[in-house]
Amino acid sequence: MIHDGTHSSSLPASISGSVDIRGQFIVDDDFQFAYAQIYMEPGAEIIVEPDVYFNMGYSTMESCSNTMWKSITADEGSVVYIRESTMSDAENVVTALNGANIVLKQNVFRDDRNSLFVPDMNGGQWNDVSVYLNGNLFQSTGALAQPYPGQTTAVGRIGYAAVEVYNTYADLTGGGNIVDRMSNGIIGHRSDVVVTDFGFKNVSPMRRIPISATVLASSPKATTATTSWCNRGYGEGNAPSFENCQWGSLPGT
């Protein structure tokens, strides 16, 4: 058990096997989970402090009681690198704050509300976040876990989005990513979004969740001169970019 308020500097630098996390786990020194089965208590959060490296590979992270956990929150200058792992039951799997660096490779994000979130910070100030996504599957397979106590985001029957960003440049050109059976694909608010080799399947909004668009929402109230959406190429593995989606790209209001 990793208890609320535990710092990674008090633990071995690498942990494997079965782990239960309760409350906030503070990663204040470089740390990794490898070949681990991580069970998150309701509302549990991993906070990666500035200039610290958090690595997770060949592991699973999921709810232990069918109630959502909060996030892996990456602070300024931190690196969150997740590869070949399965992440389930999160409100936001990764929350990237201004200055964070996120690498997500060959993962399955299953039955999460949202997988990658760049929040609206500092009154609309531009967020400088580095993101690399490659070979990930974002999917809903059934009913989502229940909200944790105090959770303010709406939860529907399927995931809300694979990616939602505010006030940033999102370079989603790593390739080989698929979104399947979610309410939205990629949502950008006042952001510049570039997408390459991404496939969207069975994406359709659920009425219980407030939506801006199925794949893209880019608000005209921009903090920079323009906001843009660029979808390059045909789709993941030369498949169509959009299959059985209610909309392809749709600007917000």
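Keep in mind that this is a model prediction, so the values were computed, not measured.

Calculation rules
Residues numbered from 1 in each chain as written. Predicted model: local features only at pLDDT ≥ 70, side-chain atom pairs only at ≥ 80, totals over all residues. Heavy atoms only, no water. pLDDT = per-residue confidence, 0-100. Contact = heavy atoms within 4.5 Å. Pairing = 2+ DSSP bridges. Helix = DSSP H or I, 4+ residues; strand = E, 2+ residues; numbered from the N terminus. Axes fitted to C-alpha atoms, helices over the stretch in contact; angles between N-to-C directions. Core = buried A, V, L, I, M, F, W, Y, C linked by side-chain atoms within 4.5 Å. Buried < 20%, exposed > 50% of the residue type's maximum accessible area, 1.4 Å probe, protein only.

Draft legend 1. Quick peek at the confidence of the model for the protein chain. Taken over all residues, the pLDDT of the protein chain has a mean of 87, while the share at 70 or more is 85%. Contacts for the low-pLDDT stretch residues 207-226, under 50 throughout, to residues beyond four places or in other chains number 66 contacts.

Draft legend 2. Structural context of the sheet that holds strand β2 (residues 24-27). Strand order in the open sheet formed by 7 strands is β2-β4-β7-β10-β13-β16-β19, with parallel pairing between adjacent strands. Across the chains shown, the open sheet's two edge strands, defined by having one partner strand only, are β2 and β19 (186-189). Ignoring strand direction, the axes of neighbouring strands in this sheet form an average angle of 10°. Strand direction decides the pairing type here: strand β7 (residues 71-74) and strand β10 (residues 92-96), joined by 3 bridges, are parallel. Looking at β10, one finds that alanine 74 is bridged to alanine 96.

Draft legend 3. Representation of the nonpolar core. Among the nonpolar cores identified, the biggest contains 51 residues, and Ile21, Phe33, Ile46, Phe54, Ile72 and Leu172 are the most heavily contacted of them. Broken down by element, this core gets its largest block of residues, 5 residues, from strand β3 (residues 31-40). Those residues in contact with isoleucine 72 that lie beyond four places of it in its chain are Ile46, Val48, Phe54, Met61, Val80, Ile82, Met87, Asn92, Val93, Val94 and Thr95.

Draft legend 4. Expanded view of unusual backbone geometry. The backbone phi angle of glutamate 84 is positive, close to 45°, even though this residue is not glycine. Assignment of secondary structure puts glutamate 84 in the loop between β8 (79-83) and β9 (86-88). Owing to a relative accessible area of 43%, glutamate 84 belongs among the partly exposed residues under this scheme. The phi dihedral of aspartate 111 is positive, around 60°, even though this residue is not glycine. By relative accessible area, which is 10% here, aspartate 111 ends up buried.

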